[in-house]
Amino acid sequence: MFKLKENQTTVRTETLAGLTTFLTMVYIVVVNPIILADAGVPFDQVFTATIIAAIVGTLWMALAANYPIAIAPGMGLNAYFAYSVVGGHQVSYQIAFASVFVAGILFLILSLTPFRKKLIEAIPANLKYGITAGIGLFIAFIGLRLTGIVTDHPENLVTLGDLTSPPVVLALAGLAVTLVLMSLNVHGALFFGMIITGIIAFFTGELSFKEGFVSMPSLPEGFIILNPAEAIGQVVQHGLYAVVFSFLLVTIFDTTGTMIGVAQQAGLMKGNELPNARKALLADSAATTVGAMFGTSPTTAYIESSAGVAAGGRTGLTTLTVAVLFGLTAFFSPLVGAVSGIAAITAPALIIVGSLMMGNIAKINWNEIDEAFPAFLVIISMPLTSSIATGIALGFISYPLMKIAKGKWKEVHLFVYIFAVLFFIQLVFLGGH
């Protein structure tokens, strides 16, 4: 089924690769509930929904596309959900999940048509790099703020926190440990970093396990989205068109770029083509739709899958292993809940993931002002406005304007002009965030 011989791999290699990928990305079951908790979503709801979405997407990738690329709720998208959609638009998380669901349905439709490919090709590469880097900077800032390493200031807005306070000391210790593990190329460094930081927190009295370690999986509030028509109605009623568009846009770029990058690393690309591309692209759109129904932000392909590929993973057996391990994680809700209550344990992962995403800055063409400035605007505005959507909007508005000023208006795809007008309307007339 997985064509192991054809891909020159074995069951043992694929299983170990799956374990490696899982260890590098399992931090999401801790970090995702923390971020969405700021939007008021109950911990158990997000914890279980995160696992369900990861299993749906990863199983689809394993069984339909036969790729070693894992799917789970995406970093950055969860921050956008919590701080820009719920926080910025002042809507309940249930209504915000309706916009995720609608984006997932549109995502599914686009994945079945050539439009998705054409849309990706239309967006300037430097804007794509800027969006990824900007999200990285925003995530890192959230991590620094949650730990107290940086704090608010009446005049300068932000300043250095109290480095002697126990939470900050624990966070710095966790950051140091995790960075050492990453420097030593330890697979699962983010995960093991959280474990070691958790042990330190336990012995310093900052972490306790009052509810034990293991429990049966639960979903206290059941389905959040049951009626598709009602979800669409809520999006229309609250004017969340730009939110749906932003979810759609970021997910398309993030997932497709990650898939191509991991597939190239694994030697699965045939020239510039990705075999079974449509089946692979359906994995994250299906997972996003299902995840929204249970209560989590949009899913994406995980760049951490490259760790499993480096360990020899070449087929869907790797991702099947990942899906099984996520299923087992569902039984450890009390353990994860206790850990997630201590920001200093999980925030180092946010800071480091943010730094990795910032690597895309190197790919931006800084020698051309009409390419560089829109990307810069995206990067700088995301953390300063606490809004991923605002960053994307400013990038899409400024890019065609810069090209027109340089007399290069013909180089801009029609789609970009359309997006620029839509974002301008959203920011100026709809007061969007």
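Relevant structure appears above.
One structure accompanies this document, and this report is about it. In this text the structure is predicted, and so the values were computed from the model without any measurement. The residue numbering used here restarts from 1 in each chain and proceeds along that chain's sequence as written. Reporting in this predicted model follows two pLDDT cut-offs: at least 70 for local features of residues, and 80 or more for side-chain atom pairs to be given and counted; totals over whole chains, interfaces and linings ignore these cut-offs and use all residues. Heavy atoms throughout the structure, all of them, feed into the side-chain values; hydrogens and water do not.

Another aspect to go through is the pairing of strand β2 (residues 150-153). Two strands qualify as a pair provided that DSSP identifies no fewer than 2 bridges between them. Runs of E in the DSSP output that reach at least two residues are strands. Runs of H or I that reach at least four are helices, and both are numbered from the N terminus. Relative to strand β3 (residues 157-160), β2 runs antiparallel, the two sharing four bridges. Its bridge partner lying in β3, His153 is registered against Leu157. Linking two consecutive strands that pair antiparallel, namely β2 and β3, is a turn of three residues.

This part is about the nonpolar core. Put simply, a nonpolar core is a bunch of buried Ala, Val, Leu, Ile, Met, Phe, Trp, Tyr and Cys residues held in one set by side-chain atoms that sit within 4.5 Å of each other. The buried label applies to any residue whose accessible area, calculated with a 1.4 Å probe on protein chains only, is under 20% of its type's maximum; exposed applies above 50%, and partly exposed to all values in between. Formed by 99 residues in total, the largest nonpolar core has its most connected members in Met75, Phe81, Phe247, Phe326, Ile392, Phe396 and Phe423. Residue contacts are counted whenever heavy atoms from the two residues lie within 4.5 Å of one another. Apart from residues lying up to four places away in sequence, Phe247 is in contact with Leu77, Tyr80, Phe81, Val85, Ser99, Val100, Ala103 and Pro298. Judged by nonpolar contacts, the second largest core, of 18 residues, contains Met61, Ile69, Ala266 and Ala287.

What follows concerns the layout of surface pockets. The way it works is a 1 Å grid over only the protein atoms, where trapped points that fit a 1.4 Å probe form a cavity and open points with protein on both sides within 12 Å along at least five of seven lines form a pocket, and then any residue with an atom within 4 Å of a point lines it. Grid points are joined across faces, edges and corners, and a volume is the space filled by probe spheres set on the points. There is about 480 Å³ of room inside the second largest pocket. Lining of the second largest pocket is provided by 20 residues; of these, Phe191, Ile195, Leu335, Val336 and Val339 occupy positions nearest its centre. Breaking the lining of the second largest pocket down by element, the ones donating at least two residues are α1 (11-25), α2 (28-37), α9 (189-203), α14 (316-329) and α15 (333-340). Examining the composition of the lining of the second largest pocket, we find that six residues originate from one element, α9, more than from any other. Polar here means any residue outside two lists: the nonpolar Ala, Val, Leu, Ile, Met, Phe, Trp, Tyr, Cys and Pro, and the charged Asp, Glu, Lys and Arg; Gly therefore counts as polar. Here the lining of the second largest pocket is composed, by residue class, of 18 nonpolar, two polar and no charged.

Moving on: the packing of helix α5 (residues 93-111) against helix α12 (residues 277-294). At a minimum axis distance of 8 Å, the contact between α5 and α12 shows a crossing angle of 160 degrees. In terms of orientation, α5 lies roughly antiparallel with respect to α12. Note that α5 runs across α12; the crossing there is left-handed. On α12, the residues touching Phe97, Val100, Phe101, Gly104, Ile105, Phe107, Leu108 and Ser111 of α5 are Arg278, Leu281, Leu282, Asp284, Ser285, Ala286, Thr288, Thr289, Ala292 and Met293. Residue composition of the contact of α5 with α12, by class: eleven nonpolar, five polar and two charged. A fitted line through C-alpha atoms represents every axis, and for helices the fit uses only the stretch in contact; the resulting angles, taken between N-to-C directions, go from 0 to 180 degrees. Put simply, angles under 35 degrees are roughly parallel, angles over 145 are roughly antiparallel, angles from 65 to 115 are roughly perpendicular, and the rest are oblique. Crossings are assigned a handedness: left-handed for a near helix turned anticlockwise from the far helix by less than a right angle, right-handed for a clockwise turn.

Okay, the packing of aromatic side chains next. Centre distance and the angle of the planes are the two values used to describe a pair of aromatic rings. Pairing of aromatic side chains requires ring centres within 6.5 Å, counting the rings of Phe and Tyr and the six-membered ring of Trp. Pairs whose planes differ by under 30 degrees are stacked, by over 60 edge-to-face, and all others tilted. If you walk through the whole model with that rule in mind, you get 15 aromatic pairs. Both rings, one in Tyr80 and one in Phe247, keep their centres 5.0 Å apart while their planes meet at 70 degrees; by these two values the pair is edge-to-face. In this pair, Tyr80 is assigned in helix α4 (residues 77-89) and Phe247 in helix α11 (residues 241-266), connecting sequence segments 167 residues apart. An identical accessibility class is assigned to Tyr80 and Phe247; each is buried. Seen from their ring centres, Tyr83 and Phe138 are 6.4 Å apart, and the 75 degrees between their planes marks the pair as edge-to-face. A residue pair is termed long-range when its members are at least 10 positions apart, and Tyr83 in helix α4 and Phe138 in helix α7 (residues 125-147) qualify at 55 residues. On the basis of relative accessibility, which here comes to 18%, the residue Tyr83 falls in the buried class.

On to α1. Helices are assigned an expected span. That span is 1.5 Å times one less than the residue count. Here α1 contains 15 residues, and its C-alpha end-to-end distance of 21 Å stays within 8% of the 21 Å for a straight helix at 1.5 Å per residue. Restricting attention to buried positions, one finds in α1 the residues Glu14, Ala17, Gly18, Thr20, Thr21, Phe22, Leu23, Thr24 and Met25.

Here a salt bridge means any side-chain nitrogen of Lys or Arg lying within 4 Å of a carboxyl oxygen belonging to Asp or Glu. Under the criterion given, the structure shown has five salt bridges. Of the charged contacts in the structure, one is a salt bridge between Lys408 and Asp370, with a shortest N-O distance of 3.4 Å. Placement of Lys408 in the loop between α18 (388-405) and α19 (414-428) and of Asp370 in helix α17 (residues 369-385) is noted, with a sequence separation of 38 residues between them. When the shortest N-O distance is used, the salt bridge between Lys403 and Glu411 registers 3.4 Å.

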